Each structure stands twice: as structure tokens, then as C-alpha cells.
Amino acid sequence: MPASGRHPRLGFEVRLALGLLAGAAVGALLEPARPAPGMIAEHFHYTLDAKAESAFRAQTHLKNDGERLSAASRKLTAVAPIRAGERLDLHWSWGGVEAGTPGRDAPAPENLTPIGSRDPDRRTVLLHTGTLAEPIRACAKDWPGLSVAVIAANPWRYPADPDNNRAARQLAIQLLDSGAVDLAIIGPDWAAAARELANQWSFVPDPQWLFFSPLPLGEGSGERGDQAPPPLGNHRAQIQADYARLAAHLRERVQGVLDTQDPAERPPPPLAAISVLAGTPRLWGGPERETVRLADGTAMEFVTVCPGTFTMGADDLLRRRLPVIVAETLGVARDSLTPQTRLDAQTLGEETNARLRTALQERLGTSASDDNWKGVTDLRSAADAFKWLDQPDERPAHPVLMEGFRIARTETTQAQRQALLPAASAPGTDGRLPAANDDWDQARAACGALADGDLPTEAQWEYAARAASRSAWSWGDEPGAADAYAWSDGNSGAKDHPVGGKQPNPLGLADMHGNLWEWNRDCYRDTAYQERAGRLAADPLEYGGECRLRVVRGGSFALVPSYLRSARRDRSVPRLRDESLGFRCVRSGPRSLEHWSP
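Novice: An account of the overall build of the chain is needed here, citing residue identities and associated values.
Specialist: The number of helices and strands found in the chain is 14 helices and 28 strands. Residues classed as buried in the chain amount to 56% of the 598 residues present. For the chain, restricting intrachain contacts to residue pairs at least 6 apart in sequence, the fraction spanning at least 24 positions comes to 78%. Working note: accessible area of the chain is about 24,200 Å², and carbon and sulfur atoms make up 49% of it.

Below is the structure:
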């Protein structure tokens, strides 16, 4: 039935819940080894303890039917025949594919796999990810083992024809980025492609298939009369929708943006017409939110962050961006640059050299001193001039398995702190401002006043801040966008601001970048990441009782954007009280990794 109302619900259940996914896709490589009848050996590229292995097993699937071995995550699959007298080696690694660039309407080419017809006029593709590299899945206990969107559209011609299928691409990307689906098919040969994909993933239990067609049917639908949704999966629905409007609706649910126009003044057209074909298909529209009323009635809103996996640590901003910025500023091809490419003023000219310095500073979110810039002669020395962007304590980047938790949507406000610790609080000047000037013990005591409350671990904080991204900031790699998302030295007027005044990250969390530094629960150790190398960590916490230094994250209103990066670590003595230092609270999640089953 058509949906209606100011914020229409889809015809089947809209679940505001999330789930477990290896954010970085699990890759499986199958290869024959030396003869050894009946043997199948597994090899992991990381050391797994019992907790990590339990979580890993919940996110992957193996099937041995005697003739072939099939292995899959929810992004990738591999199959190899089993032959008598051979040993089959299965190599598991954590990697996956890079996602596209946030803000664009198509994923990176590496995320596309042709599927179905090989006829160029019926080209259909399988998308593994959208713009976010490590999407967080829906985490309801009964969420499908695999969720696939099948979107009827014109032949895939991107990027040669950027306007073709734009709305279909936007819908697929929103579904993938939000974790509502694991895979998405786009094109006119969608029915055959769906059958092919279902055969590849046939051993994954309890799959869901969502078949989308345009509303109204007609031009650009890729629809053919002989293409009815094939009978695939335990849960199945046919959804006729305005692709662009549905994508916008799902995006707004995640970001918390509401249409303020009175629906009586402009009744909206139907968002979607739903036909449930099998089981209980569901579509997820964003993380679950919960409002807690404190003792004096003050509200505190929490966002559920579901279990998953993310890459913690170095974002490699300098490595990724330096050649791009230099090439674009000088108007040359990126692949023409080498470490020895001359960049000094004598070679480029004073004006071009100064323009390059300005571009690098603006687009890396930091500055190079006059002395450092004088030493820039080529691309290698330019990297040296900005090398402090790559902090040693952020390396190496490493995969981390996370349990679910709830995190405050904003930094703790003065009004919330007053309600949590009335005996230890003086009335604030503005209840909407973030609470500052609390040392670590006070901040933890405030969070501890909540049921199951605490400060976030460093891993929880970065997992929530990244919100499925691998970029330097949750919005991407361009610091020029910081004004929309963060209070920093360029727009704050050297003071903090009421919480929630900037755009939130993809999970709907505000002020994860800037405004105030935020206390974390962990002890700070500059070698913590190095000691995790080669090990798949599960909910790590650097906590050894008494700590000389505690972790602080997020940067503040007084700092340039480079200090506001998702991976940026800093530390403070626990007794420090400062006007630029605050906190936000977490509460335990609905369940842990060990108790989750696919």
C-alpha cells in the first residue's frame, strides 16, 4: 500500500536498528596446495583471540558440499572445487575495496562488478559499497543474513554518461552506506543478475531480496514484461518508488533533517508502493535513537552504534592527498609526478610556488612554517614539510572488532552535567553549551551516574566518529568543508558553542570534530597501535589502573582542522581542567559480539 503522511513509513516494517558487519570486507582466497586427501586448512592474516574469532565466525560463512568449498563475507565470495588428493588452503585477510568519495553520486570503479548480461546495451552491475568504506549493518537479532537491493534501471554508463541512472545510483548508495543492504544490483538485466548472485551466495542463511522499480513505471525503468521478481530468499518485496525521493528520505532519517512545512499545505505524493512477496522484508532508515530523562527532567539523547569492524588509526591523508593537490594546482597529470618532481620557486616561479603552498595548506587543513617551506625543493621534501600530519602514535592502521554501544548524540551540556552531578555542579551560563573544565575523574563520575554509563573507550570514540568512513574526517578528505561540520579556529571566534549547531556525521552524531576535546576512558600509550600489529583486536581498552596520561579526542574550537581528524590522538594529565576540554557519555549496547548469531 502507498505510504503517506509527513514522514511516510514504508509499507513493511521500517526498522531503526543496526547490525554486525565486517566493515572492511573480509576477503577469502582459495587455492590448492600439496596433496593431502580430505584436508582443508584455514590461514588468518591476523592473530585472533577467542573473542575475536567468535565475532569473525558470526560474520563469515563456509560451506563444504563434498564437491566444492564456498566461503563468503557479506561483500565477497569465493568458490573452489575439492579434488581428491589435494589440500585446499583458505586464506582470510582483512582488506576490502576502497569506497567512492562522499558527496559524489557513484562509487569508485573498484566497487563495481559486471553481472548478468554482457551485452553493453543491457549492462548491469553489482555494487559492493557506496561512498562509505566500512558500512555498519543493521543489528536486529533477526536481521537477514544477507540483504540485497535489485534496482531496475537503464544500462550502466557511468561515468561516460553521468546523468544516466543518477537517481538509481543515489538510492543504491544510500542503501549501501546506511547498512540497509549489503549488495546492490543496478541495470536492465536485473532479474538474470539477481539469479546469478543468488546462486553465488546460496549458502548464506536467511537472505532478503528487495526489488525496486520506478514509480511511475515507464521511461528509464529498465522494466520488461517478462521480468518479474524471481522467487529468491526467505524475505522478498517489490517496491515501486521515486528513487530520488526515497534516497533523500532515507538520508534525512539518518541525518535527522526534517521537513518543517505543514503537510496539510502540501500533501506529499506516495513515497513508495510496497508488495510483500515472502517472509518479513524490512528496510532500515538510520540508527536507533533513545532519549533518557535525567533526574530533573533534562533530556539526553543517545544513538545506537551497532557491532561491526572498522580500521582504526592512520588515515594517510598526506599520502593520498599530496600528489592530487600538487597535480591539480600545477595542471599536470598525477601519474607524471615522481618524488623528484621539482617544486622550488626557481623551477616553478615565485607566484606558482606561493600558490602551491597556499593550496597545500588549505587542502591539508594545516600550515607549513616559512623555514619548512624554504626547504621544499621537490615532492619528497614537500611531504617532509607536512610530515607531522602522519603522527607515529596513529600507526599502524589496524582492524578492530566492535561490540554495540549507545553514545550521546552531543557533547555533555552544562544542563546535563548539572542533572547528573547536582552536588558538584554550579549553574551554567547557558545550558546548551558543552560542559567544560572537568577533569577525567569528574567526567567519568558524571557518565557513571547513568545506568550502564561510562566514558567511551578510544576505540568506541573513533568508531563512532568515523561513522563507516575511512577518510580523514567523517565528511571526506577536504578540510575546506570543516565549517559545515565543526567549530574550529577558523569559525569559532575562539570560544565554544552550543552543541549540535553544525551538521552531524553519517550516524547523526554532532561535534565529533571540534568544539571541545573529549575525554576517553583509555590510558594513553604512544605504542598501543604498534603492539596490536598482526592481531585482530576486539574492543581494545588500554587501561592499567592508574594512568599518568589519559586519551583525549576530537580537537577543539581553538585548533586548525588537521587536529580534528578522526584518527588524531592526543593526551592529557587526568587532573587537567580546561575550557577547551569536555566529554560525552556512552552506555552499553543491546548485546555483545559473543551473543550475536547471523
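Novice: Talk me through the confidence of the model for the chain; I want residue IDs and the actual numbers.
Specialist: Of the residues in the chain, 82% have a pLDDT of 70 or more, and the chain-wide mean is 83. At the level of individual helices and strands, the chain shows its lowest average pLDDT in strand E1 (residues 14–15), which scores 25, and its highest in strand E27 (residues 581–582), which scores 98. Segment residues 1–25 is flagged for pLDDT under 50; beyond a separation of four residues in sequence, or across chains, it makes 116 contacts in the model. The model gives residues 255–267 a pLDDT under 50, and that stretch makes twelve contacts with residues more than four places away or in other chains.

Novice: Tell me what's going on with the state of the cysteines, and back it up with residues and numbers.
Specialist: Evaluated as defined, the whole model comprises two disulfides. Here Cys447 is linked by a disulfide to Cys585, with a sulfur-sulfur distance of 2.1 Å. Judged by the sign of its S-S torsion, about -80 degrees, the bond between Cys447 and Cys585 is left-handed. Of this pair, Cys447 sits in helix H11 (residues 440–448) while Cys585 is found in the loop between E27 and strand E28 (586–588), placing the two residues 138 residues apart along the sequence. Grouping residues by exposure puts Cys447 and Cys585 together as buried. Two residues share a disulfide in this structure: Cys523 and Cys547, whose sulfurs sit 1.5 Å from each other.

Novice: Tell me about the nonpolar core, residues and numbers included.
Specialist: Residues Leu127, Leu171, Leu175, Ile186, Leu197, Trp209 and Phe212 are the most contacted members of the largest nonpolar core, which totals 53 residues. Ignoring anything within four residues of it in the chain, the contact list for Leu127 reads Pro107, Asn111, Leu112, Trp156, Ala172, Leu176, Leu183, Ala184 and Ile186. One finds Leu360, Ala446, Cys447 and Trp475 within the second-largest nonpolar core, a separate group that totals 48 residues.

Novice: Report on unusual backbone geometry, specifying residues and quantitative values.
Specialist: The omega angle of the peptide bond from Tyr158 to Pro159 is 5 degrees, so this bond is cis rather than trans. The omega torsion of the bond from Arg395 to Pro396 falls at -5 degrees, within 30 degrees of zero and hence cis. Among the structural elements, Pro396 can be located in the loop between helix H9 (379–385) and strand E20 (398–402). Here Ala494, not a glycine, exhibits a phi torsion of approximately 60 degrees, which is positive. Relative to the elements of secondary structure, Ala494 occurs in the loop between helix H13 (482–485) and strand E23 (517–523). On the basis of relative accessibility, which here comes to 62%, the residue Ala494 falls in the exposed class. At Asn515, a residue that is not glycine, the phi angle is positive and equals roughly 70 degrees. Tracing the backbone through its elements, the reader meets Asn515 in the loop between H13 and E23. For Asn515, a relative accessible area of 0% translates into the label buried.

Novice: Describe the packing of aromatic side chains, with residues and values.
Specialist: Using the criterion set out here, one finds eight aromatic pairs in the structure. Each ring, one from Trp209 and one from Phe211, has its centre 6.3 Å from the other, and the planes form 20 degrees; the classification is stacked. Given the relative accessible area of 2%, Phe211 is considered buried. Centre to centre, the rings of Trp475 and Tyr485 are 5.1 Å apart; their planes meet at 15 degrees, and the pair counts as stacked. With a gap of ten residues between them, Trp475 in the loop between helix H12 (458–466) and H13 and Tyr485 in helix H13 connect regions that are remote in the sequence.

Novice: Now, about the pairing of strand E14 (residues 235–241): what can you tell me, with residues and values included?
Specialist: E14 sits mainly inside the fold: five of its seven residues count as buried. Both E14 and strand E15 (residues 272–278) contribute to a ladder of six bridges, which runs antiparallel. Across the sheet, residue Ala237 finds its bridge partner in E15, namely Val276.

Novice: Mind laying out the sheet that holds strand E26 (residues 569–572), listing which residues take part and the relevant values?
Specialist: Reading across from one edge, E26-E25-E23-E27 is the order of the four strands in this open sheet, with mixed pairing throughout. Unpaired on one side and paired on the other, E26 and E27 mark the two borders of the sheet. When strand E25 (residues 550–553) meets E26, the two strands line up antiparallel, connected through four bridges. Within the sheet, the bridge partner assigned to Arg553 lies in E26 and is Arg569. The strands that H11 touches are E23 and E25; relative to E23, the one it contacts most, it runs at about 90 degrees. Where H12 meets the sheet, it contacts E23, E25 and E26, and its direction lies at approximately 140 degrees from that of E23.

Novice: Residue-level account of helix H1 (residues 50–59), with values.
Specialist: Turning to H1, its buried residues are Ala52, Ala55, Phe56, Ala58 and Gln59. Projected onto a plane normal to the axis of H1, the buried residues spread over an arc of 160 degrees and lie on a single side.

Cut-offs and rules
- Residues numbered from 1 in each chain as written.
- Predicted model: local features only at pLDDT ≥ 70, side-chain atom pairs only at ≥ 80, totals over all residues.
- Heavy atoms only, no water.
- Helix = DSSP H or I, 4+ residues; strand = E, 2+ residues; numbered from the N terminus.
- Buried < 20%, exposed > 50% of the residue type's maximum accessible area, 1.4 Å probe, protein only.
- Contact = heavy atoms within 4.5 Å.
- Areas by Shrake-Rupley, 256 points an atom, 1.4 Å probe, with all protein chains shown as cover.
- pLDDT = per-residue confidence, 0-100.
- Disulfide = S-S within 2.5 Å.
- Core = buried A, V, L, I, M, F, W, Y, C linked by side-chain atoms within 4.5 Å.
- Phe/Tyr/Trp six-rings, centres within 6.5 Å; stacked < 30°, edge-to-face > 60°.
- Pairing = 2+ DSSP bridges.
- Axes fitted to C-alpha atoms, helices over the stretch in contact; angles between N-to-C directions.
- Arc of directions from axis to C-beta.

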